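So the chains spell out like this:
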Amino acid sequence: DDASTDPPEATPPAAERPLALGVMSSVRLPIAHQAPFKERVYVPVGLTFAGALSRRARAGAIIEFAPAIGDGCRSCKPLYLRVAAELELRGDALPATPWASAGIGIQRLMASRDGGDYLEDASTWAPEAHLQAGFDFGKRATFGPFLYAAADAYENYATYVGQEYLAIHGWLGAGVRGTLGL
């Protein structure tokens, strides 16, 4: 009979958890930013929410907030806020599952500088695109390292000539994230 010659079917892999919540943090360095955002290190804390599109793909959202750390401008108090949507692709390896994601969003760079007789507002909104890649250890609850790179565009204020121009800026970083599959 033909049924005895067919190879046995492989056991289907465990289904991806339909939802994942996460927390992430990284150390980020601004690349080609102007004062008061340059010469700072940012350590954002982010919350993530993602839904499974398939066993290896997720779509989700990130919200991050970070005060700046550094001595670049003592009278400045820069803050960073980012909201983004992203698509994540995951591998199948264990114990370290590789993943990579790409996303787009908007960020708010907020700062004011007290010049004694004046208060300069250097806050700006900026569209951003980012790439992240890392490894997750674990199955339902995961934890692991990641690398981060992003580009954004916002108006530089050339106060010495009174002109504004759009410029591309970037971020490089490394951090850790944890997720919980629901």
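Everything below is about the structure printed above this text.
Residues numbered from 1 in each chain as written. Predicted model: local features only at pLDDT ≥ 70, side-chain atom pairs only at ≥ 80, totals over all residues. Heavy atoms only, no water.

*Asks:* Is there a simple way to think about the environment of Pro78 in this case?
*Replies:* Inspection of the secondary structure assignment puts Pro78 in the loop between β4 (57–69) and β5 (79–90). For Pro78, a relative accessible area of 4% corresponds to the buried category. (Helix = DSSP H or I, 4+ residues; strand = E, 2+ residues; numbered from the N terminus. Buried < 20%, exposed > 50% of the residue type's maximum accessible area, 1.4 Å probe, protein only.)

*Asks:* What is the right way to read the environment of Gly178 from this model?
*Replies:* With respect to the helices and strands, the residue Gly178 is situated in strand β11 (residues 163–181). For Gly178, a relative accessible area of 19% translates into the label buried. Along the sequence, Gly178 and Met24 sit 154 residues apart, while their C-alpha atoms lie 6.3 Å from each other.

*Asks:* Even after reading the chapter, I still don't get the nonpolar core, so can you show me in this structure?
*Replies:* Most often, soluble globular proteins have nonpolar side chains that are buried together. Within the largest apolar cluster, 13 residues are counted, with the highest numbers of intra-cluster contacts made by Tyr80, Leu109, Phe146, Tyr148 and Trp171. For this core, the element with the highest residue contribution is strand β10 (residues 141–158), accounting for 4 residues. (Core = buried A, V, L, I, M, F, W, Y, C linked by side-chain atoms within 4.5 Å.)

*Asks:* Looking at this model, I keep getting lost on unusual backbone geometry. Mind explaining?
*Replies:* Most peptide bonds are trans, and most residues other than glycine sit at a negative phi. That bond from Leu94 to Pro95 is cis: its omega, 10°, falls within 30 degrees of zero. On the secondary structure map, Pro95 appears in the loop between β5 and β6 (96–110).

*Asks:* Explain the pattern of salt bridges here, please?
*Replies:* A side chain with one charge can pair with a side chain of the opposite charge if their charged atoms come near. Scanning the model with the defined rule gives 10 salt bridges in all. Among the ionic pairs, Asp92 bridges to Arg55, the shortest N-O distance being 2.7 Å. Of this pair, Asp92 sits in the loop between β5 and β6 while Arg55 sits in the loop between β3 (45–52) and β4; the two residues are 37 residues apart in sequence, bridging distant segments of the chain. Since its relative accessible area comes to 43%, Asp92 is described here as partly exposed. Residue Asp92 pairs with Arg56 through a salt bridge whose shortest N-O separation is 2.6 Å. Of this pair, Asp92 sits in the loop between β5 and β6 while Arg56 is found in the loop between β3 and β4, placing the two residues 36 residues apart along the sequence. Using a relative accessible area of 40% as the deciding quantity, one classes Arg56 as partly exposed. (Salt bridge = Lys/Arg side-chain N within 4 Å of Asp/Glu carboxyl O.)

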